[in-house]
Amino acid sequence: MTAEESLIVKLLTAAWLLPLLGFAVEVFGGYWQKSRKSKAAALMAVACIGCGFVASASALCLGIEWSALLGEGTKHDVMEPISGTFYLLGEFGPLVLSLDYYIDSLTLLMFTMVTLIATCIHVFALGYMSDELTDDHVDHEVHLSDGGHFHRPGRFYRFFSFMSLFCFSMLGLVLAGNIFQVFVFWELVGICSYLLIGFYVERKSASTAANKAFIVNRVGDFGFIIGLMVIWTSFGTFRFFDHEIDTKPVPGLFTMISRVEAEDAHHDEKHKSSAEHEKDEEHPEGEEHPEGEEHHNGEEKAEESHPAGEHATAEHHAHTMQLDVDDARSVVFLHKDNKGTRIADPVTETEKSIPYWLLIVAGVGVFAGCIGKSAQFPLQTWLPDAMEGPTPVSALVHSATMVAAGVYLAGRFYPMFAPEVLLVIAYIGCITLFVAATIAIVATDIKRVLAYSTISQLGYMMLGIGVGGWAAGLFHLITHAFFKSLMFLASGSVIVGCHHEQEMPKMGGLWRKMPVTAFTMLVGVIAICGLAIPFSIFGAKIAFSGYHSKDAIVASSLAFMNANQIHFLLFFVPLVTAGITAFYMFRLWFYTFAGTPRDKKVYDHARESPLVMTIPLIVLSFFAIFVAVGGEVGPLYGLLQGSEPVHVDGGAVSVATEGATAITMPSRHAIHDVHGQAGWYALIAAVSGAVFAYLLYGIRVIDPADIKRNFSGVHTFLVEKWRFDDLYEVMFIKPVHVIARWCTGFDRGYIDGLLHWLSRKTVDVSNWDRKFDENVIDGLVNWIGKVVYKSGRSLRHLQTGLIRQYVMFIALGVLALFVLLFVMFPA
Amino acid sequence: MNFDAILEKLINDTVGQSLGHFSSELALCVTIVGLLLVRLVSLDRWLPTYWVALLGAIAAFGLAACQMKQGGATQFLFTGLLVYDQFGIFFRLFLLLFLVLVIALTVISGIPDNEDGPDFYTLLLGATIGMMLMVSANNLLILFLGIEMTSVPSYVMVGFLKGRKLSSEAALKYVIYGAGIAGVMLYGISLMAGMLGTTDMSLIAERMHLLLSPEADGADLSVRSNAMLRTVVLASLLISAGVAFKLSLVPFHFWCPDAFEGAPAEVAGFLSVASKAAAFALLVRFCLALVGKDSGALSEHVYLYLGVGLGVVAAITATFGNLAAYSQTNIKRLLAYSTIAHAGYMLMAVAAMMVLVNSDVADAKLKAAGALEGLIYYLTVYLFMNLGAFAIVAFIRNQILSEEIKDYAGLGWQAPCLGIGMVFCLFSLVGMPPFGGFFAKLMIFKSLVDAGYANPFMWVVLAIGGLNTVFSLIYYLRVLNAMYIVPRPEGSPRVKFDFLPAGAYVVMVTLPVLLTGFFPYFPDRLSDTASRVANMLISNF
Amino acid sequence: MDIGLNHYLVVGAVLFVCGIICMATKRNAIGILMGVELVLNGANINFVAFSRYTALGLDGQIVSLFVIVLAAAEAAVALAIALNFYNNHLTIDVDRGDELAG
């Protein structure tokens, strides 16, 4: 490991552990602070995460090969992964549990993103949580039986200690070098989420929501554990990277499952794809396309990223890769290096392999964890309820970072996913993004709208990963983190400004009262809708971050649809949803900030938030605008491509033989080809959605109430969140109650009866035993005691207290011993 | 050899070889002189004398610790009067550690006032020097001198509370009994020295062998040698009586309860541990000297009879001590009998060693060393538990001015630190499992099991020892019963114990009792050291 | 009659037995201490005799010298303790010290 690499490891370790240190100190804030009015713990938390950001950003600057990133080359040279072991927890037979690290450009990027957003949110929370800075906090949401409100000491320090713990856990998750470690930190962020959702624990809704979040996540984690078991039994290691045990090289998971070039079985598809490339290549180099000429836009983009010099090599790379399966497509062989050398089992002298279906089970299992954590269908119900937590928590934990951890893991674990699993991921994402977006249309609570939007956007990310747009999905993860945390903070600012009013129908016209909040929110809204001016000015499009990332996802899904016509829904649903997204986001903005005030009282008391809250908004809006600058050729996308699994490049081919179920992953080229086209589709959808919202809520050409009346059935269905909660109530909760009652009855009737009978018998037996004890045993013991005591007393008479007798005993004693010896020792 | 040559040889031997190994004794001597000087120039008004004593004791302890660390082979000092080996060094260290602890105890409990300080510490240090001579004695003269140097200051210390009737009575009884025994022992020494023609202990066995050797020609010679042998046996019995007096073995135990009851608790604690440890070291040396290195037919018999004889005495002593302790009402008297009983247990280890050391059991030497190891281990644990018990008695006496068990009613609740310390010490004395006393007793009983293979009589001794352990539980529990279960009488003043310094001292002394029981590390270290020392002695022998 | 080793030993033994009897019968503390002196001197006679007649050599005389010194020291201590006993009991009858018993 070079000095630079070890420095990066140290920097990231510092960034990771600083919040833990902070937590360890802050959690005792209630003891070492003189009163609950002290901000010391909070400032410590801010300092810790701030230093963490500086360390992460430095590591990012150090770790990246800037020339590779900014130059026009293949992005795989951006960064070589750094991996190693911090600490060996234990070895249980061949199972090695350790704290590892695996650092590639994705890790660095996630670190920087998490710490930056966390820093902003910590600062914001200094203002947002300031009503906790009191020794006697009144919780107006908790009504006591005597009609009063609940009083308690403020919990400022506690909030920040939990936030620090969360940052530690989240960073640990990102840094983890083995899947087991990921799982540990996965649970840690889960518990932090639980603690923070239930921060106002006295509120019934908050504690219920916390429980719900935790329990629903358990369902996903169950799948995760099954995945872990499969991985352990089939691969024998949890580590991602190649390592050594007792100087014996052991391949990591990614190496074992590395792809090989596709065989001729799918030659036709490959052929088709290469034919397209040839067509692409035929375009003369110098041929310029006028800007705005939409038909050729895609080709132009392709030209941009693959200029002539690189083209040949890129083409050479772009072989279709697939899992190393046997002819019957039933097992996958494991490799010991990236060249496809299979592992030979020394005992059975066969090549080590894993059944194909088991690989799918492992992938789906791990993805089940992602479903829970990222609130994907069908486990999406916990996230809206999680908005019971303080708004900074919603911003950090439940939009920007923790829920994105599922996407991160799907991305990190991508090499382990068979194409079938990817298809599952894509469909799950697709369903989620549509369901959540539709519910968001009718939600009136400002935070809930954002929550559903979060679910929907997470669905986009999953879809992106599922359809082979690896970088696109993670691209959206990063950009979404910025604009969604921005929007949550802005909503928090609104909530504080309106004195904890969250219902949008009571707001309106607030932009006059809180301009900074309104316009930063607008930035977020534009970013998430993906609005843009689709013309290049100075060589770059005028577009906020969301445009680029959503564009990339839509392009991937379009390419996927092109390759697999049967899965056309995976393109059309997200496209329509892009319009819906624009609609509900603009609805939110118009409802809240534009128009006339609907509730005079709320409006009159509204005020702009203090600087400590608005500055993070401005910082985040800056990033929401510029983070994805350059789009597909920008530095952010390049960084992500640096970590892209090798086989994404050329696309992977399903091993299914039947034509109908065959899945072809689009190659990067295929995505390039349709990029411009997709961009336009998405933009049109977004613009139409935005315009529709403007008509309904901006200038009110149609009264939304009319629509609500006309479609009351649909509306109710949506307000009731597609009735998922009711469904789960009927499907799981009710049956469990019935079974529980039955169990109680059994318990009371039979088990308790048996126990009572047994105890009565025991009492009887012990009564007999007592009689025996008292009469026989005690009598014996007492007799012995009496004898011993008597002999002791008689011995006392020997000690007469007269010295002359003592001296006599000396002589007698010696004499006695002498005689004794002579008796025993006759010469 | 002219006078000059002798003188030169003597000086070379003394200065060149012996004095260096004698450094801890010398340090104590210097301290005694210092104490007297302090008194002479009236420095003791400003400088409490216990500082001088404590400093001297710690210095001596440090020197002994250095010797322990250095190790080194066995050698003879002062033209063979003393033997310098691991065994001796260990006991020296043991005695000095105990001395430091006792001085600390007297400082806290304040038994000698400032006026009497120099006298008391002079006596204490003098007695310790005597004990250190005992543990490294290689000559019958030193054996006698060591016992006397230990005894004479002890007489005075027992009577140190001059105005108290009981104290003076105890001292008088002790001095008369001690002097009588000393005379008896000296007579025995004179007989043995005369019969064998030497006072050197390392030559005893050889000379005895010579006395009996078939080459000693003529029938009448054998008759004569038979008579001489009986004389020697008598002599060794008389000498053993002297040692037994120090060990308070039945039937030479009479002084012990009376002297302990009359003496201050601190002095009783000192006598109960230190003089006993030194006497055991001396007994082991004397017994080994008596039977010698050669495992001839004779010495094998001598071993066996000596071992069995000691076993009988041990069994009687333990039983007597435990039974007599039953109906005691005074805590110090009870502890005195408990001391007698424990001497019996420890003597079992010596008996086992003697039976084993030249027997035909497999690994006999190793097992003999195991018995000796058990003795050393027992003594070390005994140091802490007995000192702890006596210290608590002293602290309670300072508060309630009584040493009657019935006056202890309810004290355990009012002085939790002392109460719990007492619980630990007494349970350890019983030999309850989580405490050090259990392991100590276990080791001795195990060596008795081993010895039983050489002579089944040892199993009888073992059975008696086990039975005694059960008996002993009851009278120890009586003390705890008084402290915890009997309520404090109405109207009696509430007793106030401060944690510092008394409680801290109790914690310091009782903690090792716990550590040697609970945590494997400490017993392991201790038994490692003990077995090293024991193996060294046995293998040298 | 030749005076030999045995004669000295007999004298020593007589002294020893006298001393023991003296210790066991006298009620006066001083008397008991005198008995102790008799015992010690009986032993001393043995030592000196052995030193003259056997291989013990000068060792015996050295021992007896030590014993004389020690006896003096012991006597001093014993007398002091006896005096202390007298101060507390106003008698030196050892039978009066019978409070410590049992």
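Residues numbered from 1 in each chain as written. Chains lettered and ligands numbered in written order. Predicted model: local features only at pLDDT ≥ 70, side-chain atom pairs only at ≥ 80, totals over all residues.

**A closer look at the confidence of the model for chain C**
Keep this limit in mind: Values of pLDDT, the confidence the predictor places in each residue, fall between 0 and 100.
With 99% of its residues at a pLDDT of at least 70, chain C reaches an overall mean of 91. Note on the complex model: pTM 0.58, ipTM 0.97.

**Here we look at the packing of helix 4 (residues 86–109) of chain B against helix 19 (residues 499–518) of chain B**
All names here are of chain B. Condition: Axes, fitted as lines to C-alpha atoms, cover a helix only where it is in contact. Angles between the N-to-C directions of the axes lie from 0 to 180 degrees. Going along the chain from the N terminus, every DSSP run of H or I of four or more residues is numbered as a helix, and every run of E of two or more is numbered as a strand. The labels follow the angle: roughly parallel below 35 degrees, roughly antiparallel above 145, roughly perpendicular from 65 to 115, and oblique for the rest. Crossing handedness is read from the near helix: turned anticlockwise from the far helix by less than a right angle, it gives a left-handed crossing, and turned clockwise, a right-handed one. Here, residue contact means that the backbone-derived C-beta atoms of the two residues sit within 7 Å. When residue character is reported, Ala, Val, Leu, Ile, Met, Phe, Trp, Tyr, Cys and Pro are called nonpolar, Asp, Glu, Lys and Arg charged, and the others, Gly included, polar.
At a minimum axis distance of 10 Å, the contact between helix 4 and helix 19 shows a crossing angle of 160°. The orientation of helix 4 with respect to helix 19, classified from their angle, is roughly antiparallel. When you trace helix 4 past helix 19, the crossing you get is left-handed. Contact residues: Leu-101, Ala-104, Leu-105 and Ile-108 in helix 4; Pro-501, Ala-502, Tyr-505 and Val-509 in helix 19. For the contact of helix 4 with helix 19, the class distribution of residues is eight nonpolar, no polar and no charged.

**Considerations on the interface of chain A and chain C**
Each side of the interface is counted separately: chain A has ten residues, and chain C has eleven residues. Among the residues making up the side of chain A that touches chain C, the classes are represented as five nonpolar, three polar and two charged.

**Comments concerning the pairing of strand 2 (residues 95–103) of chain A**
Residues and elements named next belong to chain A. Quick reminder of the rule: What makes two strands pair is DSSP finding at least two bridges between them.
Inspection of the sheet shows strand 1 (residues 82–92) paired to strand 2 by nine bridges, in the antiparallel sense. Residue Thr-85 lies in a different strand from strand 2, and its bridge partner there is Asp-100. Linkage of strand 1 to strand 2, two consecutive antiparallel strands, is achieved through a turn of two residues, within which Gly-93 is found at a positive phi near 60°.

**Looking at the interface of chain C and chain B**
Listed as interface residues are 36 residues of chain C and, on the opposing side, 34 residues of chain B. Looking at the side of chain C that touches chain B, the elements with two or more residues in it are helix 1 (5–25), helix 2 (29–53) and helix 3 (58–89) of chain C. Each residue belonging to the side of chain C that touches chain B can be placed in one class, and the counts come to 24 nonpolar, nine polar and three charged.

**Observations regarding helix 16 (residues 416–430) of chain B**
Residue and element names in this part refer to chain B. What counts here: Multiplying 1.5 Å by the residue count of a helix minus one yields the expected span of that helix. Remark: C-beta atoms are placed from the backbone, and a residue is labelled buried if 20 or more other C-beta atoms sit within 10 Å of its own, exposed if 12 or fewer do, or partly exposed between those counts.
Taking 1.5 Å as the rise per residue, helix 16 with 15 residues should run 21 Å; its terminal C-alpha atoms sit 21 Å apart, in good agreement. Counting buried positions along helix 16 yields eleven of 15 residues, so the element is predominantly enclosed. For helix 16, the full list of buried residues reads Leu-418, Gly-419, Gly-421, Met-422, Phe-424, Cys-425, Leu-426, Phe-427, Ser-428, Leu-429 and Val-430. Following helix 16 by one or two positions, Gly-431 adopts a phi angle in the positive range, close to 105°.

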